[in-house]
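# Breakdown of the fold
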Amino acid sequence: MDPKPGTLAVWGGEQGPFWEQATQVPVVHSVSFGYLDVDDWLDVAKGQEPGHIYSRNTNPTVQAFEEKVRCLEGAEAATSFASGMAAISNTLFALLAPGDRVVSVKDCYGGTSQLFLDFLPKFQIDVTLCETDDFEAIEAAVASGCQVLYLESPTNPTLKVVDLARLAEAAHAVGAQVVVDNTFATPINQQPLDLGADLVLHSATKFLGGHADALGGVVCGGAEVIGRIYHFREITGAALDPNAAYLLLRGMKTLHLRVRQQNESALRIARYLDDHPAVTHVFYPGLETHPHHDVARRQMSGFGGVLSFQVQGGFEAVRALLPRLRFAHRAANLGAVETVVGPPATTSHVECSPEERAAMGIPESLIRYSTGIEDPDDLIDDLEQALAHLAVLQPQINADGHR
Ligand SMILES: *Cc1c(COP(=O)(O)O)cnc(C)c1O
């Protein structure tokens, strides 16, 4: 019987044996690895024997991190990067060539959208961005030919859900590779490779590391394609630092516990907010009212720790509310043990004008809420007292208790 995710989170990449019988993966701060025998050195350098030569290529601590993620995603191979954006950009540049076409969605992570709009076109790579929740439109764009279908689900910051299995099938019909950014869902909640994706990637900075103290990225998939992406990274040089790899490895040992709690707390908080008179809309795939709740139920085993909600009173209300939260960092991050909040206007969509955000369906009164592992009773109390203050500013809400 294959070990379950909780066991893989703890033991993946940790099987040793390590230096001096250490039970923990050593942090190997060595840039290069020395050999007494020149023939042994040659064998390792040519990849004929296992071992390390130079840490821009491979490093034992970094390799343990890659192995842990590989196990959790159920992939044949994995390679890592200095950040999530390095993973995304290296993967796209390794897969694509001038004249190729990528199909993706409008709600990708901000940095990824900039790659699509500003960088790939400079290399004569054609990019088509479809409405995220219009699966027919995505299928039609894919059917007219592409090399890569790039997806993200759930999306940032409005938690749209994309039907991964359905769209992977459409992509494979035209011989395209399917790449999925699984950062928001984590391998605990969603396994894109089982749903038909060819490659799954992460900003390990978020839920995988979970402690907001290390940047990293990783991509998993078949050995041949990962070999090509690895080769691109070894030459372009966005290697993961061994110290960051250790922090990510250590964080991942509790991934299943954290994510289980975050799923549970986020669902409770989403339901609480959905009933609150000062909240006009809650975006969370776990709510039955989410437009693709059925797809989320099919492809996810938990709905994740991130939600977003809209308050009455526009950006002024956001400005009044956020400083009142006791148990939340106001910061541009997510997936940490601490709750983190922020408006898209200062986080994911800072580079857009209010009009552009409106055109993307991102209201100015939206708050992204990344649930930490605090006691959910305290998080709800905290929201309650902060929202009550907001309602005080709007007596008509207090008067009848309704919107
Ligand atoms: C943060 C994030 C990224 C970028 O990751 P970095 O580690 O900050 O480079 C990519 N995709 C998603 C969904 C993210 O949330």
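Provided above is the structure to which this section pertains.
Residues numbered from 1 in each chain as written. Predicted model: local features only at pLDDT ≥ 70, side-chain atom pairs only at ≥ 80, totals over all residues. Heavy atoms only, no water.

## Overview of the overall build of the protein chain
Condition: Numbering of helices and strands starts at the N terminus; helices are DSSP runs of H or I of at least 4 residues and strands are runs of E of at least 2. Only the C-alpha atoms count toward the radius of gyration. The rule for a globule is 2.2 Å times the residue count to the power 0.38. Working definition: with a 1.4 Å probe on protein chains only, accessible area under 20% of the residue-type maximum means buried, over 50% means exposed, and in between means partly exposed.
Along its length, the protein chain carries 16 helices and 12 strands. Relative to its length of 403 residues, the protein chain is compact, with a C-alpha radius of gyration of 22 Å against a globular reference of 22 Å. Projected onto its principal axes, the C-alpha positions of the protein chain cover 85 × 50 × 40 Å. Sorting the 403 residues of the protein chain into buried and exposed places 54% on the buried side.

## Observations concerning the pattern of salt bridges
Under the convention used in this document: Basic side-chain nitrogens of Lys or Arg form a salt bridge, by our definition, when they fall within 4 Å of a carboxyl oxygen of Asp or Glu.
One pass over the full model with this rule turns up 15 salt bridges. Between Glu-14 and Lys-253 there is a salt bridge, and its shortest N-O distance comes to 3.6 Å. One end of the pair, Glu-14, is in the loop between helix H1 (5-11) and helix H2 (38-45); the other, Lys-253, is in the loop between helix H10 (242-252) and helix H11 (255-274), with 239 residues separating them in the sequence. The closest approach of N and O atoms between Arg-228 and Glu-224, which form a salt bridge, is 3.0 Å. Of this pair, Arg-228 and Glu-224 are both found in helix H9 (residues 223-236), four residues apart, which corresponds to roughly one turn of the helix. Taken together, the shared-partner salt bridges in this structure form one network comprising Glu-14, Lys-68 and Lys-253.

## As for the packing of aromatic side chains
Note the cut-off: Any two rings among Phe, Tyr and Trp, with Trp reduced to its six-membered ring, count as a pair given centres within 6.5 Å; such a pair is stacked if its planes are under 30 degrees apart, edge-to-face if over 60, and tilted if neither.
Here the structure, examined in full by the defined rule, presents four aromatic pairs. Look at Phe-93 and Phe-123: their rings are 5.3 Å apart centre to centre, the planes differ by 80°, and that puts the pair in the edge-to-face class. Of this pair, Phe-93 sits in helix H4 (residues 84-95) while Phe-123 sits in the loop between helix H5 (110-119) and strand S3 (126-130), and the two are 30 residues apart along the sequence. By relative accessible area, Phe-93 is classed as partly exposed at 23%. With a centroid separation of 6.5 Å and 75° between ring planes, the pair formed by Tyr-284 and Phe-303 is classed as edge-to-face. Within this pair, whereas Tyr-284 is found in the loop between strand S8 (279-283) and helix H12 (293-299), its partner Phe-303 is found in the loop between H12 and strand S9 (306-311), the two being separated by 19 residues in sequence. Assessed through its relative accessible area of 1%, Tyr-284 is described here as buried. For Phe-303, a relative accessible area of 15% gives the class buried.

## Describing the layout of surface pockets
Note the cut-off: Only protein atoms enter the calculation, which uses a 1 Å grid: trapped sets of points that fit a 1.4 Å probe without letting it out are cavities, open sets showing protein on both sides within 12 Å along at least five of seven lines are pockets, and any residue with an atom within 4 Å of a point is a lining residue. Grid points are joined across faces, edges and corners, and a volume is the space filled by probe spheres set on the points. All domain edges in this entry derive from an automatic or database-based domain assignment.
As a volume, the largest pocket reaches approximately 360 Å³. Lining the largest pocket are 20 residues, with Met-85, Tyr-109, Ser-203, Lys-206 and Ala-332 sitting closest to its centre. Mapping the lining of the largest pocket onto the domain boundaries places at least three of its residues in each of domain 1 (5-252) and domain 2 (255-401).

## Description of the sheet that holds S8
For clarity, the threshold we go by: Strand pairing requires that DSSP identify at least two bridges connecting the strands. Contacts were defined at the residue level, with two residues in contact if any of their heavy atoms lie within 4.5 Å. Every axis corresponds to a line fitted to the C-alpha atoms, with the helix fit spanning only the stretch in contact, and the corresponding angles, defined between N-to-C directions, vary from 0 to 180 degrees.
Spatially, five strands are ordered S8-S9-S12-S11-S10 in an open sheet, and the strand pairing comes out mixed. This sheet does not close on itself; its edge strands, each paired only once, are S8 and strand S10 (329-330). Note: strand S11 (residues 340-342) against strand S12 (residues 366-370), three bridges, orientation antiparallel. In the sheet register, Val-340 faces S12, and the bridge partner there is Ser-370. Packing against the sheet, H11 makes contact with S8, S9 and S12, and its axis sits at approximately 10° to S9. Here helix H13 (residues 314-321) sits on the sheet in contact with S9 and S12, set at roughly 120° to S9.

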